[in-house]
Amino acid sequence: MNKRQAKKLELKNEIKDIQKDYKLQDKKIEALNMRGDSFFEETKKLMEQFKKQEKLLEATKDSFSNILQAQTHLELENSKRAYEMKDIIENQKERIHKLEYSVFGMAILMLIVFVLELIKWFI
């Protein structure tokens, strides 16, 4: 074998090695692309889940806000009713006192009538 053929064979071997390297690099790139695609899909799924959770959180926040407003309204209504009941109780207490005084007055009048009847009976 002469020098030229040896050089040509050496270059052919180098070309084959480079081609093998390119094929290996292509396989690595394809594997990385597949990983990148799966990572992208997972990221996309996670983003969708995050958006759903964000919507649910917003709905929960609105619901909680509505509950707080309703609770505040009910507390105000209960407070008003408590003041109304307090006024009713005070009015009833006043009526009871008036009735007590009326009964006491009637008892005094009956006692006076009884005393007068006794006096009339003795006279």
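Up top you'll find the structure we're talking about.
All values derive from a computational prediction rather than experimental measurement. (Residues numbered from 1 in each chain as written. Predicted model: local features only at pLDDT ≥ 70, side-chain atom pairs only at ≥ 80, totals over all residues. Heavy atoms only, no water.)

**Q** Explanation requested: the overall build of the chain in the structure shown.
**A** On a plain count of helices and strands, the chain comes out with 1 helix and 0 strands. Relative to its length of 123 residues, the chain is extended, with a C-alpha radius of gyration of 52 Å against a globular reference of 14 Å. Overall size of the chain, expressed as C-alpha extent along the three principal axes, is 175 × 20 × 15 Å. Looking at the chain as a whole, 0% of its 123 residues are labelled buried. Total accessible area on the chain is roughly 12,600 Å²; 63% of this is exposed by carbon and sulfur atoms. (Helix = DSSP H or I, 4+ residues; strand = E, 2+ residues; numbered from the N terminus. Rg over C-alpha atoms; globule rule 2.2 N^0.38 Å. Buried < 20%, exposed > 50% of the residue type's maximum accessible area, 1.4 Å probe, protein only. Areas by Shrake-Rupley, 256 points an atom, 1.4 Å probe, with all protein chains shown as cover.)

**Q** Would you mind going over the packing of aromatic side chains with me for this structure?
**A** The geometry of an aromatic ring pair is captured by two quantities: the separation of the ring centres and the angle between the planes. By the definition in use, this model includes 1 aromatic pair. Centroid distance Trp121 to Phe122: 5.3 Å. Interplanar angle 55°. Geometry classified as tilted. Of the two residues, Trp121 and Phe122, both sit in the exposed class. (Phe/Tyr/Trp six-rings, centres within 6.5 Å; stacked < 30°, edge-to-face > 60°.)

**Q** Would you explain a negative patch on the surface in this entry?
**A** Taken together, the side chains of Glu10, Glu14, Asp17 and Asp21 present a region of like negative charge at the surface. With respect to the helices and strands, Asp17 occurs in helix 1 (residues 3-122). (Patch = residues over 30% accessible without salt bridge, like charges linked within 9 Å, V, L, I, M, F, W, Y side chains within 5 Å. Salt bridge = Lys/Arg side-chain N within 4 Å of Asp/Glu carboxyl O. Lys, Arg positive; Asp, Glu negative; His and termini not counted. Charge placed at Lys NZ, Arg CZ, Asp CG, Glu CD.)

**Q** What am I meant to see in a positive patch on the surface here?
**A** The grouping of Arg4, Lys8, Lys12, Lys16 and Lys20 at the surface amounts to a positive patch. Locating Lys20 in the fold gives a position in helix 1. Judged by relative accessible area, Lys20 falls into the exposed class, the value being 57%.

**Q** Can you walk me through the environment of Ile112 in this structure?
**A** Here Ile112 shows up in helix 1. On the basis of relative accessibility, which here comes to 43%, the residue Ile112 falls in the partly exposed class. Taking the C-alpha atoms as reference points, Ile112 and Asn2, separated by 110 residues in sequence, lie 160 Å from one another.

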